Each structure stands twice: as C-alpha cells, then as structure tokens.
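# An overview of the molecular structure
The lines below spell out each chain.
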Amino acid sequence: MLRPTRGQSNARSLVILIVLAIVLTVWQHRARSGQGSGESRRSFPERVAVGLVWPLERGLAVAGSAARQTASSLARAHDLAARCARLEKENEELRAQQLRLIDALVENQRLKKTLGFSVEQPPPAMAARVVSINFSLGRKRLTIAAPPGRKLEVGNIVRTAAGLVGRVAAVTGSGQRGEVFLLIDAEHAVAGRVALRSRDQGMVNVAPQPVNRPDLLVMTKIIGRSDVREGDMILTSGLGEVYPAGIPIGVVTRVERSAAGTVDLRAYIRPAVDFEHLEWVLVERHGR
Amino acid sequence: MGFVVTLLLMIVCAAVQSTWPAWLRVHSQTPHLTLAAVICLGLGTGGASGLTAGFLGALLWGSISSATLGQLFVSHMGLGFFAGSLRGRVFADRVLVAMLLVGIGVLVASLVELLLAPPPSPQPWMWQALVRALYSAAVAAPIYLLVRSLRRFYPEPETL
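Predicted, not measured: the structure shown is a model, and the values here were computed from it.

Glancing now at the overall build of chain A. Helix and strand content of chain A: two helices and 12 strands. Across chain A, helices and strands are ordered from the amino to the carboxyl terminus as α-α-β-β-β-β-β-β-β-β-β-β-β-β. In chain A, which comprises 288 residues, the proportion classed as buried is 22%. Contacts in chain A between residues at least 24 apart in sequence constitute 48% of all its contacts with a sequence separation of at least 6.

Before going further, it helps to examine the sheet that holds strand β7 (residues 201-206) of chain A. Residue and element names in this part refer to chain A. The strand order around the closed barrel built from six strands is β6-β7-β8-β11-β10-β9, with neighbouring strands paired in antiparallel fashion. For this sheet, the mean inter-axis angle between neighbouring strands, taken without regard to orientation, is 40 degrees. Pairing of strand β8 (residues 217-223) with strand β11 (residues 265-271) involves three bridges; the strand directions are antiparallel. Residue pairing across strands places Leu 217 opposite Ile 269, the latter belonging to β11.

Next up on the list: the pairing of strand β1 (residues 125-135) of chain A. Residues and elements named next belong to chain A. Looking at chain direction, β1 and strand β12 (residues 280-284) are connected through five bridges and run antiparallel. Following the sheet pairing, Ala 128 is matched in β12 by Val 281. Of the strand pairs in this sheet, β1 and strand β2 (residues 140-145) are connected by six bridges, and their pairing is antiparallel. Counterpart to Phe 135 in the pairing with β2 is Lys 140.

As a further point, take the nonpolar core. By size, the foremost hydrophobic cluster in this structure holds 53 residues, and its most contacted members are Ala 36, Ala 37, Ile 39, Cys 40, Leu 60 and Ala 140 of chain B. If you list the elements that add at least two residues to this core, you get α1 (6-33) and α2 (44-115) of chain A together with α1 (2-18), α2 (33-45), α3 (47-65), α4 (69-85), α5 (95-116) and α6 (125-149) of chain B. Top contributing element to this core by residue count: α3 of chain B, with 10 residues. Excluding its chain neighbours within four sequence positions, the residues that come into contact with Ala 36 of chain B are Pro 31, Val 102, Ser 136, Val 139, Ala 140 and Ile 143 of chain B. In this structure, Val 228, Tyr 243, Val 281 and Val 283 of chain A belong to the second largest nonpolar core, which totals 34 residues.

To continue, consider the interface of chain A and chain B. Opposite the 23 residues of chain A that make contact, chain B presents 23 residues. Contributions of two or more residues to the side of chain A that touches chain B are made by α1 and α2 of chain A. In terms of residue count, α1 of chain A provides more of the side of chain A that touches chain B than any other element does, 12 residues in total. Its residues placed into classes, the side of chain A that touches chain B shows 14 nonpolar, six polar and three charged.

Another aspect to go through is α2 of chain B. Residue and element names in this part refer to chain B. Between its terminal C-alpha atoms α2 stretches 17 Å, which fits the 18 Å expected from 13 residues at 1.5 Å a residue. Of all the 13 residues making up α2, 13 are buried; the element is thus mostly covered by neighbouring parts of the structure. Looking one or two residues past α2, Gly 46 carries a phi angle of roughly 115 degrees, positive in sign.

Residues and elements named next belong to chain A. A barrel is described by the order of its strands in space; here six strands give the closed sequence β1-β2-β5-β4-β3-β12, paired in antiparallel fashion. Between one strand axis and the next, the sheet turns by 40 degrees as a mean value, whatever way the strands run. Two strands pair when backbone bridges link them, and strand β3 (residues 157-159) and β12 are joined in this way by three bridges, in the antiparallel orientation. Bridging from a neighbouring strand, Val 158 pairs with Val 283 of β12.

Here α4 of chain B is 17 residues long and its end C-alpha atoms lie 24 Å apart, about the 24 Å a rise of 1.5 Å per residue gives. Counting buried positions along α4 of chain B gives 13 out of 17 residues, so the element sits mostly inside the fold.

Bringing the environment of Asp 200 of chain A into the picture now. Residues and elements named next belong to chain A. Within the secondary structure, Asp 200 sits in the loop between β6 (189-194) and β7. When the 21 C-beta atoms within 10 Å are taken as the criterion, Asp 200 is described as buried. Distance from Asp 200 to Asp 227, taken between C-alpha atoms, is 6.9 Å for residues 27 residues apart in sequence.

What follows covers the packing of α2 of chain A against α3 of chain B. Between α2 of chain A and α3 of chain B, the shortest axis-to-axis distance is 8 Å and the interhelical angle comes to 90 degrees. Relative to α3 of chain B, α2 of chain A is oriented roughly perpendicular. Of the residues in α3 of chain B, those in contact with Pro 45, Glu 46, Ala 49, Val 50 and Val 53 of chain A of α2 of chain A are Leu 59, Leu 60, Ser 63 and Ile 64 of chain B. Of the residues assigned to the contact of α2 of chain A with α3 of chain B, the class counts are seven nonpolar, one polar and one charged.

Let us now look at the pairing of strand β4 (residues 164-172) of chain A. All names here are of chain A. Judged from the three bridges that link them, β3 and β4 form a sheet pairing that is antiparallel. Bridging across to β4, Arg 159 finds its partner in Leu 164. The hairpin turn running from β3 into β4, its antiparallel successor, is four residues long. Where β4 and strand β5 (residues 177-182) come together, six bridges link them in antiparallel fashion. Bridging across to β5, Val 171 finds its partner in Gly 178. Counting the residues between successive antiparallel strands, the hairpin from β4 to β5 contains four residues, one of them, Gly 173, with a positive phi of roughly 60 degrees.

Criteria and cut-off values
- Residues numbered from 1 in each chain as written.
- Chains lettered and ligands numbered in written order.
- Predicted model: local features only at pLDDT ≥ 70, side-chain atom pairs only at ≥ 80, totals over all residues.
- Helix = DSSP H or I, 4+ residues; strand = E, 2+ residues; numbered from the N terminus.
- Buried ≥ 20, exposed ≤ 12 C-beta atoms within 10 Å, placed from the backbone.
- Contact = placed C-beta atoms within 7 Å.
- Pairing = 2+ DSSP bridges.
- Axes fitted to C-alpha atoms, helices over the stretch in contact; angles between N-to-C directions.
- Core = buried A, V, L, I, M, F, W, Y, C linked by C-beta atoms within 7 Å.
- Nonpolar A, V, L, I, M, F, W, Y, C, P; charged D, E, K, R; others polar.
- Expected span 1.5 Å × (residues − 1).
- Parallel < 35°, antiparallel > 145°, perpendicular 65-115°, else oblique.

Structural data, given as structure tokens:
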C-alpha cells in the first residue's frame, strides 16, 4: 500500500484546518445568538482556549502588578533619600543657629551681670502626662497628672515644644491632677501678636465653625496697621499677664477684611499644637 | 513536536498580548503579537506550520478577546500560509523582511476585520491600524529570532 507523501499529508491538514475553522466559526455564531450572557455565550472550544491561556495570563498580570509596585517603591525610595538629605542639611543649619543663640544668651547674661541687672532664670518646667481628654462641642479640657514629687498649680502654663496648649484652671488631689483650659475652648481667649514682621496685636479665640471641622482659631480686635498675612506666625503677646510673651499660638491660614476697609479684620489661625494627639505636655510656672 | 511548540508559542503570545502593560501602549494600541508570531512562524518554518499557527492563534486570540472567529481565521491562516510560501525565497531569512511582512500583515488583518466584522465606530480605524502595524513590526524582530532558534523542532517544508 502506498504511503501518502508529505505534500499530500499537508494538503489533507489544510483541508482539515479549513473545515475546523468553518465549524468553530459556526459554533461561535450559534453560541452567541443563543440565550444567556458572559461565559455561557462562549462556545465550548472558546472556553477551552480561554482555559489554556488563563493561567499564564493570570501569572503575567500578577507579575506585571508586582513589577509596577516595585518600580514605584524604588522611585519613592529615591525621593525619600533626597528628602532625608535635605532634612539633614536643614538640621545641621538649625544646630549651628542654636549654638549661636546659646552664645548670644550667655553674652546677654554676662552683660546684664556687668551692668547690674538681675538675671532672671526661666521658671523650671515639668513634663506632665495627659490622662484624659474631654472634648464636647464647645468645652475642650484636658486632665494632666503631675510627675511624682511635683505639684500643679492653678495658672500654670501648659505647652508643648510646638506651642501653647492652655493653662491649668483647677487642681485636685493636692496638686497631683490638673484640669487644663485649652486654647481651643469656646470660652478661652488669649492676647496674641504677629511674630517678627508687623507685630500687630489682637485677641485670639476659637473660631465659630461647623461641626466636624478641625479646630481653627481667629484673631480679632487687631491693634496696629492691621497688617496680617497668610503664613504669619502668631505668638502670645504677654498682655494681660495670663501667659508669658513669645509662645507660638499658630499660623495664619486665611485673612478676611470687611468690604468697607481694613479696620474690621479677622485672621484665621491653624493652632501650632495638634490637640487631638496630646500625650505629654510641659507645665511651666508663670513667673509672676 | 512542532505542533506543541507552535501551541505553546501561541499561548504565550496571546497571554502577553492580553496583559500588555498600559505604560507600554502606543496611542492606546498594543502590538498584535499573535499575528506577528503566526507570520514569523510561517516565514521561518513553512506554509503548513504557518497555517497551523494561524489556526491556533486565531482560535486563542479570538476566544480571549471575544472577537469574531471567522475573520480571524481568514486573516491569520491566510497570512501564515502566505508567509510560509515565501520561505526559501531571496531575503526571506532576514529579520527586516519579517518586520515588513508583519507590518503589512497587521494592516491586511485590520482591513479584513473592517470588511468582515466592522467595529461600531470605524472612523479611527486607519490611524489605529497604522500605529498597531508599526508597533507590531517593531516587536516582530525578537519573535522572528526566537522562531529561527526553534526551527529544529519543525520538519523541512515541502510544497502543499
């Protein structure tokens, strides 16, 4: 019996493939024109083909996603390194500035001594732990605990490294616990001034605001040229002798002027202290 | 053995084409890897292999992209067979010829699609087809080199 040549075999393959292609096309058409949706609208051969490709497709999708995440992390790491270098440089500059300030302070004290002025030491500060936070709509108070062997007094100034927190309004347990009247309490007011630039002064109290907005302060009754701008730092002015001068209150975020002129001016201030995440505070005696 | 290699190559091309990363797209177009592989296989291994590759490529790509199989069978099998018939001719073994053939093949396949299964909005067809053809031609070079290295799995071709 004669065996078919490769050419005859290929011709047979060609015919078989063409017939198969026609059958598959008709099968697909019948599946698509039937009822149902999604996977049921695919013919059986199509489902088999999808099943063959799917594992690799899935693997490639996962690998692609992982590669994209890795590239993104690497790009971010480069950015973080640059930021870290910038902060280190800034830190070095601040350290140098601090050394210059210490030199100036020592020189100042020496000159005061030479001229016969009494050299006042800043009142000693103590670190107090925040034991409870009592925030209601308008009333915002903290309870702090004095460190062992120390006592809190009414009128003590409460602050953090960032700025003013408030003052001790009441003490209990022989000075072991104190209730702090916060800067953002609706009844609180503090005399403030613009740092460095204009030194305009005014009263700072909590801004009336809708619920669920971050606490904002507002500076009103501004005395001076009313030259307050966004980005100005507001410090305690020391007027009223409730707080010492120079403690940061916050930064001006928005200024509203009346339509008539510049007399009626409201400066909205973002507090320097994050009141919702206080854990430790510094308590100072106001040197009266 | 040749059939298994063809099937594996087509599966890989279809999977890579369907998961082609967005950042590698050119004007939102992906290269037509399946068709490029079909033409390269035809050119590198002969008409019968090109025809088989065209059949498998059309079935796999048509199934995962939910395209009409008929027009894909016509374009892929036809182009695979045609590329295979060029094997052994002058310059047919050059990568540039494979790239040129893939570019023209993608344009022909787009034309077949336009005629047999017209898209809902055929207006941007020409621009998309051109971009896709150029992109496919560019990626055809490594595919053709891969096919040339796989030639030992295929029998020496004879005319049909």
